[in-house]
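Below, each chain spelled out in residue letters.
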Amino acid sequence: MAQKYRRLTSHTPLFWLLIALHVVAVAAGMGAAFYMETNGHHVTGMTNQIVWGTPHVFAVFLIVSASGALNVASVSSVFNRLNYKPFARLSGVLAIALLLGGLAVLVLDLGRPDRLLVAMTTNNFRSIFAWNIYLYTGFMAIVGAYLFTMMDRRASKNYALGKALGSLAFGWRLVLTMGTGSIFGFLVARDAYFGAIMAPLFISSSLVYGLAFTVLVLATMSRETRAELMPEEMIVKFRGLLILFVLTTVFLTFIAHIAKIYAAPYRSIEAFLLLNGGVYPALFWIGQLAIGSIAPVALLATADNGRKGRVALALASVLILIGGLAQMYVIIIGGQAYPLTIFPGYEVSSSFFDGVVAAYSPSLPETLLGVSGISIAMLIATLALRLLPFLPEAPAKIGSAAP
């Protein structure tokens, strides 16, 4: 029997409270963007040394999550795992919403949003930033077409077309995440960034964040619709996938740091990020590893398949997203805080802060703008679920293939 889908129709008081909080967060973010636009970035914590601040942490986090959110749809079509098919529509919508939320933060933080069209049409293709414009817009177009093949009656019967678009979306999202990671991996001047490992690390991180967002949305919608949208079979699969993705991300992070510790020129930056860098080692060991990796894996590994298992899965997803923000903060801001190595082997000092660790404290406007990106994504996803049938009507046990 074909899977049936529904729109989001019932609204509990908790639902309206969440919507109100998201609206307030978006309004605060817009106000913060206007404040920074009219007063200049000197009102933020960003300086000439740290040009990518807290808004960029949230923006990159959301963009990377968008790629991973599409994983459920990719598993169902590209790898023909029918267990995941009921969630494919939600996966595609959430991917687009998260990407729009991240891009909104970037555009508003850069300033002069009226000049966006000029930036999009004046390209320097030797820069990874220029390529990313087409990766982001192409991603939304391809996922939109992919959703059409799932929702249109005639197109949904064309299995070859759906699989072709699903494969294209799968490949495109890998390239998109690789391009986002390469923004940092190609920066030769920054010792903390430069390295080919950044591309697979971002791909692995995207799978973790995207699945965590998907689980939380499904849990929220289950509460709202008073129906268990995730059957026990999928609880087990999502739990296993999260453990696998988290451990893979930890492994790649370990390899990235070990490779640089092995090379003498990079040991000072590694000591800064892991030992004596103040807030950055704390965020790495406590935020990314303890809260974002060890605690979720322990929760997921010891949870059962009943109600406690569902709670553990949702709680682990929240912890993973907190750890993900800590990871992005350490990578993006910690990498800029350490001074550039202008003359290797020599101590450098000047009146322009050369050779000095840059100080940075997130300002309130920056934080409000970053948080508003998450709220923008959630409001877009909620509106889509309200207007079109993206939610599965009932938990359907379509198959039993393992992920």
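Residues numbered from 1 in each chain as written. Predicted model: local features only at pLDDT ≥ 70, side-chain atom pairs only at ≥ 80, totals over all residues. Heavy atoms only, no water.

**Overview of the nonpolar core**
Within the largest apolar cluster, 101 residues are counted, with the highest numbers of intra-cluster contacts made by Leu98, Phe184, Phe238, Met328 and Ile332. Among the elements that take part in this core, helix 9 (residues 198-225) stands out by supplying 14 residues, more than any other. In contact with Phe184, other than residues within four places in its own chain, are Trp52, Val60, Tyr193, Phe194, Met198, Phe202 and Ile332. In terms of nonpolar packing, the next biggest core, distinct from the first, is built from five residues, Met36, Ala59, Val105 and Leu369 among them. (Core = buried A, V, L, I, M, F, W, Y, C linked by side-chain atoms within 4.5 Å. Buried < 20%, exposed > 50% of the residue type's maximum accessible area, 1.4 Å probe, protein only. Helix = DSSP H or I, 4+ residues; strand = E, 2+ residues; numbered from the N terminus. Contact = heavy atoms within 4.5 Å.)

**Remarks on the packing of aromatic side chains**
Applying the stated criterion across every chain, the model contains 14 aromatic pairs. An angle of 45° between the planes, with centres 5.6 Å apart, marks the rings of Phe272 and Tyr280 as tilted. Take Phe272: its relative accessible area is 6%, and that puts it in the buried class. Ring centres of Phe272 and Tyr338 lie 5.4 Å apart, and the angle between their planes is 50°; on these two criteria the pair is classed as tilted. Taken as a pair, Phe272 in helix 11 (residues 267-276) and Tyr338 in the loop between helix 13 (307-337) and helix 14 (364-387) lie far apart in primary sequence, 66 residues in all. Side by side, Phe272 and Tyr338 carry an identical accessibility label, which is buried. (Phe/Tyr/Trp six-rings, centres within 6.5 Å; stacked < 30°, edge-to-face > 60°.)

**Focus on a nonpolar patch on the surface**
Taken together, Trp285, Ile286, Ile291, Leu315, Val318 and Ile322 make up a surface patch of nonpolar side chains, about 510 Å² in accessible area. If you list the elements that add at least two residues to the nonpolar patch, you get helix 12 (279-302) and helix 13. Looking at the secondary structure, you find Ile286 in helix 12. Residue Ile286 is classed as exposed on the basis of its relative accessible area of 52%. (Patch = residues over 30% accessible without salt bridge, like charges linked within 9 Å, V, L, I, M, F, W, Y side chains within 5 Å. Areas by Shrake-Rupley, 256 points an atom, 1.4 Å probe, with all protein chains shown as cover. Salt bridge = Lys/Arg side-chain N within 4 Å of Asp/Glu carboxyl O.)

**Topic: helix 11**
Within the span of helix 11, buried status applies to Ile269, Glu270, Phe272, Leu273 and Leu274. Around the axis of helix 11, the buried residues are gathered within 165° of arc, so they sit on the same side. Set apart from the buried face of helix 11 by more than 90 degrees, the exposed residues are Leu275 and Asn276. Tucked into the core, helix 11 has its buried residues touching helix 10 (232-262), helix 12 and helix 13. Taken from the residues just after helix 11, Gly278 is the one with a positive phi, measuring 75°. (Arc of directions from axis to C-beta.)

**Considering the side chain of Ser76**
In this structure, Ser76 sits in helix 3 (residues 71-77). Within the structure, the side chain of Ser76 is placed 2.7 Å from the backbone oxygen of Ala73, a separation counted as a polar contact. In this structure, Ser76 is in contact with Arg81, Tyr84, Lys85, Ala88 and Tyr146, ignoring residues within four places of it in sequence. (Polar contact = N/O pair within 3.5 Å; in protein donor to acceptor, adjacent residues only side chain to side chain.)

**What about the confidence of the model for the protein chain?**
Looking at the protein chain, pLDDT values average 87 and 96% of them are 70 or higher. Here residues 395-403 is modelled with pLDDT under 50, and outside its nearest four sequence neighbours on either side it reaches 21 contacts, counting other chains as well. (pLDDT = per-residue confidence, 0-100.)

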